[in-house]
Amino acid sequence: MKKTVAMLLALSMLTSLVACKKSDDTTASSSESASTETSVESTSDTSESETSATTAVDPNAGKRATRELYDGAYALDESFDDPSTFKWLTYMESGGSYQLNDVDGQMVASIQDVGTVMHACQIFLDGFQIFQNAEYCVEFDIYSDIERDFEWRIQLNGGDYHAYCGEEHAHMGTEPTHISYTFTMYEASDPAPRFAFNLGYQDSMTDPKPHTVYIDNLTMKVLNSSNAVEIEPLEAANPISLNQIGYQPNDAKSVFISNKDDSKFDIIDVKTNEVVYSGELSDDIMCSATLGFVKEGDFTEFNTPGEYLIRTDVTGDSYPFEIADDVYDDALRASVLMLYTQRCGCEVKADIGEEYADFVHPECHMGEAIIYGTEDKIDVSGGWHDAGDYGRYSAPGAKAVADLLMTYKDANYEADDLGIPESGNGVPDILDEARYELEWLFKMQADNGGVYHKVTAPNFPATVMPEEETEQLYVYPISTTATGDFAAVMAKAYGIYAKYDEEFANKCLEASKKAYEYMEANAAADTTGFLNPEGVETGEYPDASNTDEWFWAAIELYLATGEQTYLDRAEELYHDDMELGLGWIEMGLYGIHAYLTSDVADQDAEFKDKLTKRVLDEVSMANMVSRREGYYNRMRAIYPWGSNLTISNNGILYSLAYQISGEEEYRELSGYQVDYILGMNPCGYSFLTAFGDHAAEHPHHRPSQNKGHTVPGMVVGGPNSDPADPYAITVLMDMPGGMCYVDNDQCYSINEVAIYWNSPFIYILAMKANS
């Protein structure tokens, strides 16, 4: 989910409230991980010569830092003399506010408000390593234009974020103070720690006013590396990759093995340890995702219910899996319930199961939001929290709702007993859940028909539960992309809900028409799309092209009303270069899917044939590439942010190809995308939290981070060949694209979750479960 560079600055790796609030815990962690010796030397002599010496340019500054380990090596060397190499980042929360700059050879933090916690104003640096049993010396100069305490620390980036070393209540004066701190790292070597200055509130402050902090000449030097312990590599994936949940008896079933020395495989009954099936592995497949070879084993013909594992002579055993008619039921239920746990503006209860007990919360974000640029306030309560944070965004929300409506229609998914508050009301729960978001989207429509892009606070929240984010919310300006998506999904909703609630369905249609009128009047003139206003750091979801959203809206309104003017506009907007997308950027395939699966597509045979050919040509090529590359994945070497969204969206495309052609291999190909998410991938992970013996456990998701364990049933982002967060960049250096994954809760560019990453997976899983 590629939001903005602002997320890199504000969201990346948050300091734990526990670590920062509980001084006893922090002190214990520091003393247990490192032995220390600190000296503080005041350099208050303000003679011109000494001042000049402090700020003089060191010709070696910034050049000594190295990732190599030897006595005298500099793990950090920050003199701030070259602004082009400035690498420090900012984090603000709990009322903290400041600006960070590199000025005249110093790092300068201009603090407007210290907030209410120490880490409310945090400056941090990533991208270095620290080794067990190595002795280090940290030095830096610091001062302010007021007397104040501060915290500095080298800390773990994830988990409980405890400090390896540092000082919680260090002091700075109005003249430069030199800090020198010697310590030995006794904890396990860390490939990606963080150096942080917490310049927020301290208990010693009585009436903190705006002030400026200056930092210079920061180094961390290796004093003794003789007993240092090398960094452990990332846990290797199991070379045997398969769907860790399992298969229905009649599913296509494949396993991939990345060991060239194996030539056959056995299926072992877990209960008896007996061989129940044997098969041959394929010849070597050159896999671009891993830059290596894999082999495939097909065991489709084995369909006896039970619990099994795959065993080979050389590699050994796979994770266990099950064959059963109901094998997907729990995963499908949890995938839908993820959306319930993301609800905003209502009490979320544990009625859905004891595994959700830690994630209950009262009503949240109930205050009126200010319409940005005005003094007006409106009620925008409700909807789903978008992802790992608590923002709500119109375009991604519309995408997620569309997936749910398509799941209901295409997969005949009508369960009414998932345990949500609306269960048992005679309406399929998937429609009840979608309606919760639709009711919020109504509130996001302005009087002129346009739809506000998002509602968030200006900055991302801390690692807190949703009711604890109490910053003022803002509704940000109308965008034509959000308006087009709104018009489309409301028209689609009209056709779905008419049989259950005619009044609600009519409300959806009228809102759709009003939004479409706004598009007709404004879409052509919009060439930039939404951009965050200055000072707003939350997700931008930029999209400079609205043609695909407009096209989708025109198609859906034609299907809802039968009015030819909508189809005429859709045919005018469609072009062969329009991407067949189902993401929040490219939405054209939603329009194509709606048209080709409708009862009226034959009324314009030429347009139908054009769209059909486009889909089948695309899928024919994808099918060829997927079967040639291994893991039935067409992405090859380049994996985008949120690659699991691409996997699931591809599954919807392949399912559409099957629906319009009847080609069985396209249905199988869609099912293989489910297998990929559930473990049949180069990483050997199930990317659905809490499902599978080797599943993602540490998503970038505030409730999960806050409680220390994951909400089940969330699809994480997956491999990203161009990661953006510092931890992933460090530990995944030189990894092949398809293996650029690490299960760490600070890896927002790899391990975040999102409503619109779950929603297409719900579709393909329901289609496979009901095939």
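All values derive from a computational prediction rather than experimental measurement.

This paragraph deals with the overall build of the protein chain. Along the protein chain, the regular secondary structure elements total 19 helices and 27 strands. For 771 residues, the compact-globule estimate of 2.2 N^0.38 gives 28 Å, and the C-alpha radius of gyration of the protein chain, at 28 Å, lies within 12% of that figure. Along the first, second and third principal axes, the C-alpha atoms of the protein chain reach 90 × 70 × 45 Å. In the protein chain, buried positions account for 60% of the 771 residues. By sequence separation, contacts in the protein chain at least 24 residues apart represent 73% of the contacts at least 6 residues apart. For the protein chain, the computed accessible surface area is about 28,600 Å², with 46% contributed by carbon and sulfur atoms.

Inspection of every chain in the model, using the stated rule, returns 42 aromatic pairs. Measuring from ring centre to ring centre gives 6.3 Å for Y181 and F183, while their planes differ by 50°; the resulting arrangement is tilted. One exposure class covers both Y181 and F183, and it is buried. Following the ring pairs from residue to residue traces out a cluster consisting of F80, F86, W88, Y136, F140, F150, W152, Y181, F183, F195 and F197. Here the basic side chain of R194 rests over the ring of F124, its NZ or CZ set 3.5 Å away from the ring centre. Cation over ring: K507 sits above F442, and NZ or CZ is 4.3 Å from the ring centre.

Attention now goes to the sheet that holds strand β19 (residues 292-298). What the 4 strands build is an open sheet, ordered β13-β15-β19-β18; its pairing is antiparallel. Lying at the two open borders of the sheet, with one neighbouring strand each, are β13 (240-241) and β18 (285-287). Pairing of β18 with β19, which is carried by 3 bridges, proceeds in the antiparallel orientation. Its bridge partner lying in β19, I285 is registered against V294.

One simple way to see leftover space: roll a probe sized like a water molecule over the atoms. In this model, the largest pocket occupies a volume close to 870 Å³. The wall of the largest pocket is formed by 35 residues, among which E232, P233, L234, E235 and V731 lie closest to the centre. Within the lining of the largest pocket, the residues separate by chemical class into 20 nonpolar, 9 polar and 6 charged. Each pocket or cavity is described by its volume, and for the second largest pocket that value is around 580 Å³. Forming the boundary of the second largest pocket are 22 residues, of which E579, G583, E586, T646 and N649 lie nearest the centre. Mapped onto the lining of the second largest pocket, the elements with two or more residues apiece are α13 (605-629) and α14 (643-661).

Among the surface-exposed residues, E307, E322, D325, D326, D329, D330, E354, E355 and D693 lie close enough to one another that they form a single negatively charged patch. Mapped onto the fold, E307 is located in strand β20 (residues 306-312). Assessed through its relative accessible area of 38%, E307 is described here as partly exposed.

With that settled, the discussion passes to the sheet that holds strand β26 (residues 452-456). One open sheet holds the 5 strands; their spatial order is β24-β23-β27-β26-β25, and the pairing between them is mixed. The strands lining the two open edges of the sheet, one partner per strand, are β24 (377-378) and β25 (392-393).

Turning next to a nonpolar patch on the surface. Residues M286, L291 and F293 make up a contiguous nonpolar surface patch of about 310 Å² in total accessible area. With respect to the helices and strands, F293 occurs in strand β19. Residue F293 is classed as partly exposed on the basis of its relative accessible area of 36%.

Right, let's talk about the pairing of strand β7 (residues 135-144) for a bit. Among the 10 residues in β7, 8 count as buried, and that is most of the element. Here 9 bridges tie β7 to strand β12 (residues 211-224), and the two strands are oriented antiparallel to one another. Of the residues in β12, the one forming a bridge with Y143 is Y214. Bridge count for β7 against strand β10 (residues 177-185) is 8 bridges, and the pairing is antiparallel. Within the sheet, the bridge partner assigned to I142 lies in β10 and is T177.

Moving on, we come to helix α8 (residues 480-497). The first and last C-alpha atoms of α8 sit 25 Å apart over 18 residues, in line with the 26 Å expected at 1.5 Å per residue. Across the 18 residues of α8, 16 count as buried, placing the element largely inside the fold.

This brings us to the packing of helix α12 (residues 588-596) against α14. When two helices pack together, their arrangement is given by the angle between their axes and by how far apart the axes lie. One way to put it is that α12 packs onto α14 with a least axis distance of 11 Å and a crossing angle of 20°. Here α14 runs roughly parallel to α12, going by the angle between their axes. Seen from above, α12 lies across α14 with left-handed handedness. Counting all contacts with α12, which are made through L589, H593 and L596, the residues of α14 involved are L653, L656, Q659 and I660. Residues belonging to the contact of α12 with α14 are distributed by class as follows: 5 nonpolar, 2 polar and no charged.

A word on the environment of D526. With respect to the helices, strands and loops of the structure, D526 is situated in the loop between α9 (502-522) and α10 (547-561). Taking C-alpha positions, D526 is 7.8 Å from A544, a pair spaced 18 residues apart along the chain. Not counting residues within four places of it along the chain, the set of residues in contact with D526 comprises T480, A544 and N546.

Right, let's talk about the environment of N649 for a bit. The residue N649 is located in helix α14 in this model. Of the residues examined, N649 reaches a relative accessible area of 9% and is grouped as buried. When the C-alpha positions of N649 and E439 are compared, they lie 25 Å apart, and in sequence the two are 210 residues distant. Those residues within four positions of N649 in sequence are excluded, and the remaining contacts are K399, L582, G583 and P760. Among the polar contacts made by the side chain of N649, one reaches the main-chain carbonyl oxygen of L582 at a distance of 3.4 Å.

Parameters at a glance
Residues numbered from 1 in each chain as written. Predicted model: local features only at pLDDT ≥ 70, side-chain atom pairs only at ≥ 80, totals over all residues. Heavy atoms only, no water. Helix = DSSP H or I, 4+ residues; strand = E, 2+ residues; numbered from the N terminus. Rg over C-alpha atoms; globule rule 2.2 N^0.38 Å. Buried < 20%, exposed > 50% of the residue type's maximum accessible area, 1.4 Å probe, protein only. Contact = heavy atoms within 4.5 Å. Areas by Shrake-Rupley, 256 points an atom, 1.4 Å probe, with all protein chains shown as cover. Phe/Tyr/Trp six-rings, centres within 6.5 Å; stacked < 30°, edge-to-face > 60°. Lys NZ or Arg CZ within 6 Å of the ring centre and 35° of its normal. Pairing = 2+ DSSP bridges. 1 Å grid on protein atoms, 1.4 Å probe; cavity = no way out; pocket = protein on both sides within 12 Å on 5 of 7 lines; lining within 4 Å. Points joined across faces, edges and corners; volume = space filled by probe spheres on them. Nonpolar A, V, L, I, M, F, W, Y, C, P; charged D, E, K, R; others polar. Patch = residues over 30% accessible without salt bridge, like charges linked within 9 Å, V, L, I, M, F, W, Y side chains within 5 Å. Salt bridge = Lys/Arg side-chain N within 4 Å of Asp/Glu carboxyl O. Lys, Arg positive; Asp, Glu negative; His and termini not counted. Charge placed at Lys NZ, Arg CZ, Asp CG, Glu CD. Expected span 1.5 Å × (residues − 1). Axes fitted to C-alpha atoms, helices over the stretch in contact; angles between N-to-C directions. Parallel < 35°, antiparallel > 145°, perpendicular 65-115°, else oblique. Left-handed = near helix turned anticlockwise from the far one by under 90°. Polar contact = N/O pair within 3.5 Å; in protein donor to acceptor, adjacent residues only side chain to side chain.

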